[in-house]
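Here is how the chains run, residue by residue.
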Amino acid sequence: MSRQLIAGNWKMNGLLGPGSVLAGELAARASAGTPPGVELLVCPPTPLLYPLAVILKDSGIALGGQDCHAADGGAHTGDVSAAMLADAGCTYAIVGHSERRADHGDSDAEVKAKAEAALGAGLTPIVCVGETGEQRRAGETLSVIEAQVRGSVPDDIGAGGLVVAYEPVWAIGSGLTAKSSDVQEVHGHIRGLLKALFGPESGAAIRILYGGSVKPANAAELLAVPDVDGALVGGASLSAEDFWAIAAT
Ligand code: PGA
């Protein structure tokens, strides 16, 4: 069984000074030993990728981008290619985060193209899916998630890895978390889809992260859910102490 992935999504937070201090604190903790059975990942804003790659080098903590463009390069002002992320030291790229889907209109097809670009650059894409509060209240959660997974996950993941993150939109940054029975219902559904898409063995090996207000106080319950293989942590990843406490759960 692969290790649990605890990923910190810093979002648009972190300047060079405090970001370096935070990464340095994580590297120092990692040098004293990463919690057993856990892989750690930090996804800072793009300008911090390379400086953090230097700080995290040899720490065992992986680095990831928060998005990438589907194209290899060219006239796409303001965007970053998957190869650029890899060049800066990344091994992961988040794609399809609900904030990208909402702020930039990323469609499932675009998310899929970005995930394919990430794979092409040797990165592991973390494909995010999640229902809104309105969709949950309307009983549409599983159908929304299924459509997002079918539409956003690459058809062929080859030898490259894939991670799926289930993040209910209503739970992100709100302090609300899904009940563990609801989390398992969705993760179990995603697991079934991944097995159908990639075969029983490969589908079972794909890590499915939970995200949405994960913090030290609720991490143990969420990470104990059978089909939860780690967490995508926003707010709490901006504190070395809280991020470490979640990883050490
Ligand atoms: P949150 O964010 O932990 O602050 O809710 C999670 C995410 O959006 O990845």
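All of these numbers come straight from a predicted model, not from anything done at the bench.

**Q** What's the story with the packing of helix α5 (residues 108-120) against helix α7 (residues 141-152) in this structure? I'm lost.
**A** Helices that pack against each other are described as a pair by the angle of their axes relative to one another and the distance between those axes. One can describe the packing of α5 onto α7 by two numbers: an axis separation of 7 Å at closest approach and a directional angle of 45 degrees. When the axes of α5 and α7 are compared, the pair comes out oblique. In this structure, α5 contributes D108, A109, V111, K112 and A115 to the contact, and α7 contributes A147, Q148, G151 and S152. Partitioning the contact of α5 with α7 into residue classes produces 4 nonpolar, 3 polar and 2 charged.

**Q** Can you help me understand the packing of helix α10 (residues 216-223) against helix α11 (residues 240-247) in this one?
**A** Packing of α10 against α11 leaves a shortest axis separation of 9 Å and a crossing angle of 20 degrees. By the criterion of interaxial angle, the relationship of α10 to α11 is roughly parallel. Between α10 and α11 the crossing geometry is right-handed. Contact residues: P216, A219 and L223 in α10; D242, A245 and I246 in α11. Looking at the contact of α10 with α11 residue by residue, the class counts come to 5 nonpolar, no polar and 1 charged.

**Q** Can you help me understand the site of the ligand in this one?
**A** The immediate surroundings of the ligand are formed by 13 residues, with K11, H97, E167, G173 and S213 found nearest. Here an oxygen atom of the ligand sits 2.7 Å away from a polar atom, N or O, in the side chain of E167. Here an oxygen atom of the ligand and a backbone polar atom of S213 are 2.7 Å apart. For the ligand, whose unbound accessible area comes to 280 Å², protein coverage reaches 95%.

**Q** Would you mind going over α5 with me for this structure?
**A** Helical periodicity: at 3.6 residues per turn, an α-helix aligns residues three or four positions apart in one direction. Here α5 spans 18 Å end to end across 13 residues, near enough to the 18 Å set by a 1.5 Å rise per residue. Residues V111, K112, K114, A115, A117, A118 and L119 constitute the buried set of α5. Those residues of α5 that are buried are in contact with α3 (82-87), β4 (92-95), α4 (98-104), β5 (124-129) and α7. Remark: G122 follows α5 within two positions and exhibits a positive phi of approximately 85 degrees.

**Q** Any chance you could explain the nonpolar core here in plain terms?
**A** Here is a general trend for soluble globular proteins: nonpolar side chains tend to be buried in one another's company. With 65 residues, the main nonpolar core has I6, I190 and Y210 as its most contacted residues. Take this core: its biggest share by element is 6 residues, from helix α8 (residues 180-198). In this structure, I6 is in contact with V38, E39, L40, L41, L223, G230, A231, V233, F243, I246 and A247, ignoring residues within four places of it in sequence. Core analysis: the second largest hydrophobic core is formed by 13 residues, A62, Y92, A165 and L232 among them.

**Q** When you look at the layout of surface pockets in this model, what are you seeing that I'm missing?
**A** Empty space among the atoms becomes visible once a probe the size of a water molecule is rolled across them. By volume, the largest pocket amounts to about 540 Å³. Lining the largest pocket are 22 residues, with K11, M12, Q66, D67 and R100 sitting closest to its centre. At 4 residues, α4 tops the list of elements feeding residues into the lining of the largest pocket. In the lining of the largest pocket, the residues fall into 7 nonpolar, 9 polar and 6 charged.

**Q** I'm lost on the pattern of salt bridges in this one. Help?
**A** Opposite charge on two side chains makes pairing possible when the charged atoms of those side chains draw close. All told, the structure shown has 14 salt bridges when counted by the stated rule. When the shortest N-O distance is used, the salt bridge between D58 and K57 registers 3.8 Å. Using a relative accessible area of 59% as the deciding quantity, one classes K57 as exposed. For R136, the salt bridge identified is with D182, shortest N-O distance 3.6 Å. Of this pair, R136 sits in helix α6 (residues 133-137) while D182 is found in helix α8, placing the two residues 46 residues apart along the sequence. Residues joined in a network through salt bridges with shared partners are D67, R100, D106 and K114.

**Q** Looking at this structure, how should I read unusual backbone geometry?
**A** With glycine set apart, most residues show a phi of negative sign, and most peptide bonds adopt trans. Phi angles above zero are rare outside glycine, and K11 is one such case at about 55 degrees. With respect to the helices and strands, K11 occurs in the loop between β1 (4-9) and α1 (16-31). One non-glycine residue, D58, lies in positive phi territory at about 70 degrees. For D58, a relative accessible area of 77% gives the class exposed.

**Q** Just to check I follow, could you spell out the side chain of S59 for this structure?
**A** With respect to the helices and strands, S59 occurs in the loop between α2 (49-56) and β3 (62-65). S59 sits in the buried class, given a relative accessible area of 11%. A distance of 2.6 Å separates the side chain of S59 from the backbone oxygen of L56, its partner in a polar contact. In this structure the side chain of S59 is engaged in a polar contact, spanning 3.0 Å, whose partner is the backbone nitrogen of I61. What S59 contacts, discounting residues up to four positions off in sequence, is A27 and A30.

Reading guide: rules and limits
- Residues numbered from 1 in each chain as written.
- Predicted model: local features only at pLDDT ≥ 70, side-chain atom pairs only at ≥ 80, totals over all residues.
- Heavy atoms only, no water.
- Axes fitted to C-alpha atoms, helices over the stretch in contact; angles between N-to-C directions.
- Helix = DSSP H or I, 4+ residues; strand = E, 2+ residues; numbered from the N terminus.
- Parallel < 35°, antiparallel > 145°, perpendicular 65-115°, else oblique.
- Contact = heavy atoms within 4.5 Å.
- Nonpolar A, V, L, I, M, F, W, Y, C, P; charged D, E, K, R; others polar.
- Left-handed = near helix turned anticlockwise from the far one by under 90°.
- Near = heavy atom within 4 Å.
- Polar contact = N/O pair within 3.5 Å; in protein donor to acceptor, adjacent residues only side chain to side chain.
- Areas by Shrake-Rupley, 256 points an atom, 1.4 Å probe, with all protein chains shown as cover.
- Expected span 1.5 Å × (residues − 1).
- Buried < 20%, exposed > 50% of the residue type's maximum accessible area, 1.4 Å probe, protein only.
- Core = buried A, V, L, I, M, F, W, Y, C linked by side-chain atoms within 4.5 Å.
- 1 Å grid on protein atoms, 1.4 Å probe; cavity = no way out; pocket = protein on both sides within 12 Å on 5 of 7 lines; lining within 4 Å.
- Points joined across faces, edges and corners; volume = space filled by probe spheres on them.
- Salt bridge = Lys/Arg side-chain N within 4 Å of Asp/Glu carboxyl O.

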